[in-house]
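For reference, the chains in residue letters:
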Amino acid sequence: MGVSIVQDKSTQADAGGLARRLYLLAGIVTVLIGLIGAGSGWVWGDRSYEYLMSIEFTYYLQSYLPYYPFVPFFPIFILMLGAFLLVRSRQ
């Protein structure tokens with residue numbers, strides 16, 4: 001009986017280590033994408049703003065939400081997601 005309990009715990013530890021590594025890798029990649037997006041906003045910012053404002057429904061949202069469609073904040077949102085994934089990898 002004692003051997004099976006030890007094997008179960010080692011299997012759970014391996015699965016937890018893999019999940020932590022995946023969160024860490026995803027967090028690092030997401031933070032890098034956010035930093036690249038923040039540095040190159042002049043390339044994609046105007047195009048994404050034009051695309052989002054071409055949808056008729058967005059005019060209603062723009063009247064109620066300040067800074068809509070949040071284009072300048074996209075890299076910040078991506079960085080926040082990456083930071084969340086990095087913190088999640090430490091738990």
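Going by the structure above, here's the rest.
Calculation notes
Residues numbered from 1 in each chain as written. Predicted model: local features only at pLDDT ≥ 70, side-chain atom pairs only at ≥ 80, totals over all residues. Heavy atoms only, no water. Helix = DSSP H or I, 4+ residues; strand = E, 2+ residues; numbered from the N terminus. Buried < 20%, exposed > 50% of the residue type's maximum accessible area, 1.4 Å probe, protein only. Contact = heavy atoms within 4.5 Å. Patch = residues over 30% accessible without salt bridge, like charges linked within 9 Å, V, L, I, M, F, W, Y side chains within 5 Å. Areas by Shrake-Rupley, 256 points an atom, 1.4 Å probe, with all protein chains shown as cover. Salt bridge = Lys/Arg side-chain N within 4 Å of Asp/Glu carboxyl O.

1. Re the overall build of the protein chain
Okay, step 1: Each helix and strand counted, the protein chain has four helices and zero strands in total.
Okay, step 2: The secondary structure elements of the protein chain, listed N-terminal to C-terminal, are α-α-α-α.
Okay, step 3: Across the 91 residues that make up the protein chain, the buried fraction comes to 19%.
Okay, step 4: Expressed as a percentage of contacts within the protein chain between residues at least 6 apart in sequence, the contacts between residues at least 24 apart total 64%.

2. Concerning a nonpolar patch on the surface
Okay, step 1: Nonpolar side chains collect at one region of the surface, where Leu25, Val29, Ile33 and Ile78 lie side by side and expose about 330 Å² of accessible area between them.
Okay, step 2: Secondary-structure assignment places Ile78 in helix H4 (residues 74–90).

3. A look at the environment of Ala38
Okay, step 1: By the element assignment, Ala38 lies in helix H1 (residues 2–39).
Okay, step 2: A sequence separation of 37 residues divides Ala38 from Pro75, and the C-alpha atoms of the two residues are 5.3 Å apart.

4. Overview of the environment of Ile28
Okay, step 1: You can see Ile28 is positioned in helix H1.
Okay, step 2: Once the C-alpha coordinates of Ile28 and Leu86 are considered, the two residues, 58 residues apart in sequence, prove to be 7.1 Å apart.

As far as function goes, none of this settles anything; it's purely spatial.
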